[in-house]
Amino acid sequence: MSSARAVVDLDVTGATISRHLYGHFAEHLGRCIYGGFYVGEDSSIPNEGGIRLDVVEALRALQIPNLRWPGGCFADEYHWRDGIGPKEQRPRMVNTHWGNVEENNHFGTHEFMALCELLGADAYVNGNIGSGTVQEMSDWVEYLTRDGDSPMSRLRKANGRDEPWKVPYWGLGNEAWGCGGHMRAEAYADEARRYSTFCRNHGDNTLYRIAAGAADDDLAWTETLMKAVSCLGCAREPRGMFQGISFHYYSHDGSGLNKNPATAFSDEQYYTTMIKAVDIDRVIAGHTAVMDAYDPKRRIGLICDEWGTWWNTEPGTNPRFLYQQNTLRDALVAGVHFDIFHKHAARLHMANIAQTVNVLQSMILTDDAGGMVLTPTYHVFEMNKGHHDALQLPVHLIERPDAYDADGAQLDLVSISASTKGANALISVSNLALDSDTTLTLDLRGRTVTGHHARVLTADEPQRHNTTAAPDAVAPADLDLALDGGVLTVTLPRHSFSTIHLDLA
Ligand code: AHR
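Owing to the predicted nature of the structure, the values given are computational and were not obtained by experimental measurement.

1. Considerations on helix α3 (residues 134-145)
- The terminal C-alpha atoms of α3, which comprises 12 residues, lie 17 Å apart, in line with the 16 Å expected from a rise of 1.5 Å per residue.
- Burial within α3 is extensive, with 11 of its 12 residues counted as buried.
- Packed against the buried residues of α3 are β6 (66-69), α2 (109-119), β9 (122-127), α4 (151-158), β10 (169-172) and α5 (185-198).

Encoded structure:
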């Protein structure tokens, strides 16, 4: 048994933790859309307009704030006009990036917006810069968001939708340095400015335009975009061209298609993953420092619109479908990411896990027989819901277990963050040690605690995961804690994620 001690100042609040840090991502990739979100109207699986209702219900319970679509790499080969009108007349295409499979375009603009409405989530539409045109993107914005009489609003109405939709978030291409066109940063920056100019705000729909950003810690890419958007020394505020700049960060070990086993991983691979996962703290701090130099008032948002684990795919599945299992290890990756996201909430506006269903670090795994499994990662999103739009609380970890040392790379074994909203506080804490439970003592200062409740997500081993045969192998359970005055004591099992809810006077 090891021990940790932290002071939490319940009355010292910081930045708002945007609910959009709990955002999602759905790409036309493998079985994310087809078979995951969408089964078609004729399916025996209960659906509305082809959208799977069990998946919707599970995600509504997470209060997912936004959904990014249609990619990813697919976004830069997607032509939106192919996905409107009668389904049987929609042109087909080859999804060259993800398995060379035929895409029938049955899930298009109207289906995506219907999905967002069912989920109660904001739409984040990612436009095509790589193989599209400025006119095409401009028309799509008009089709989606313009009221009254115009060529695109008439087309939308002819396709059965009178009212414009609200589309708050708009992506200007994806991974422009790679699958989005292999551009140099300077070339992309100019393209993004040009496309952004013609993505108009129609009526009261105001677009938050997101420039396609860096891979990992490519700070030079971010700096080029900041130079392109800002006007150092000018009176003009640096928000004209785009309001957000993204970056992508995946936690994996290895390269190409040989990454790391999703379930049969070693202790060493577990710790390597955790070291990689917490390194996103350094990456966000780096992008933030670059952005601060050009935008000290923090008007431009940093957006991590792809994050998560990336493992070897499940045996027998198409390797380009990126279908992987999800263990307690994945849940702990999510837990530490959220602690880090909360810490950077003043600059980090949005984060989108890749991807919501059946691809990479999913919330949900489905099968064609109608089976659906909630993954351990799903439970972290659910347990952390109380952080949505809450205010950061400082946590001072003043005693902690010895760090894990992997050839000089140190991993803190306790990760913690806290927030408050009204008369509640929520503390999230992970014990990453594989071999030791930890007694955590929290010195709660500044407000009186009138009630408490804790839950824990753990299992006998970090490889444990959920299947249709054992859907609750990794599921939250109540966790005992003791409160004496303002001092709370709780035992965190090895490899566990816990949340502590406090009622405050
Ligand atoms: O999420 C899978 C892929 O990873 C996305 O399509 C791409 O943007 C990234 O490389």
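From this point, things continue past the structure.
2. A closer look at the pairing of β10
- Of the two faces of β10, both are covered, the one formed by Tyr-169 and Gly-171 as well as the one formed by Trp-170 and Leu-172.
- Here β9 runs beside β10; their pairing, made up of four bridges, is parallel. Bridging from a neighbouring strand, Asn-126 pairs with Gly-171 of β10.
- Pairing of β10 with strand β11 (residues 208-215) involves four bridges; the strand directions are parallel. Along β11, the bridge assignment pairs Tyr-169 with Tyr-208.
- The parallel pair β10 and β11, bridged by α5, forms a crossover whose chirality is right-handed.

3. Focus on α4
- Taken as a whole, α4 has its buried residues at Met-152, Ser-153 and Arg-156. All buried residues of α4 project into a common sector of 100° when viewed along the axis, lining one side. For α4, the exposed residues set more than 90 degrees away from the buried face come down to Pro-151 and Ala-158.
- At its buried positions, α4 is contacted by α2 and α3.

4. Here's the deal with the pattern of salt bridges
- Per the stated rule, a full pass over the model turns up 28 salt bridges.
- Between Asp-443 and Arg-445 there is a salt bridge; the shortest N-O distance is 2.9 Å.
- We classify Arg-445 as partly exposed; its relative accessible area is 41%.
- Beyond isolated ion pairs, a larger network of salt bridges with shared partners links Glu-41, Lys-87, Arg-90 and Glu-111.

5. With respect to the side chain of Asn-352
- The topology assignment puts Asn-352 in strand β14 (residues 348-354).
- By relative accessible area, which is 0% here, Asn-352 ends up buried.
- Engagement of the side chain of Asn-352 in a polar contact is seen with the backbone oxygen of His-24, the distance being 3.0 Å.
- The contact partners of Asn-352, leaving out residues within four places of it in the chain, are Gly-23, His-24, Phe-25, Asn-66, Arg-68, Tyr-124, Ile-303, Cys-304, Asp-305, Glu-306 and Trp-307.

How each quantity is defined
Residues numbered from 1 in each chain as written. Predicted model: local features only at pLDDT ≥ 70, side-chain atom pairs only at ≥ 80, totals over all residues. Heavy atoms only, no water. Helix = DSSP H or I, 4+ residues; strand = E, 2+ residues; numbered from the N terminus. Expected span 1.5 Å × (residues − 1). Buried < 20%, exposed > 50% of the residue type's maximum accessible area, 1.4 Å probe, protein only. Contact = heavy atoms within 4.5 Å. Pairing = 2+ DSSP bridges. Right-handed = clockwise from strand over helix to strand, strands pointing away. Arc of directions from axis to C-beta. Salt bridge = Lys/Arg side-chain N within 4 Å of Asp/Glu carboxyl O. Polar contact = N/O pair within 3.5 Å; in protein donor to acceptor, adjacent residues only side chain to side chain.

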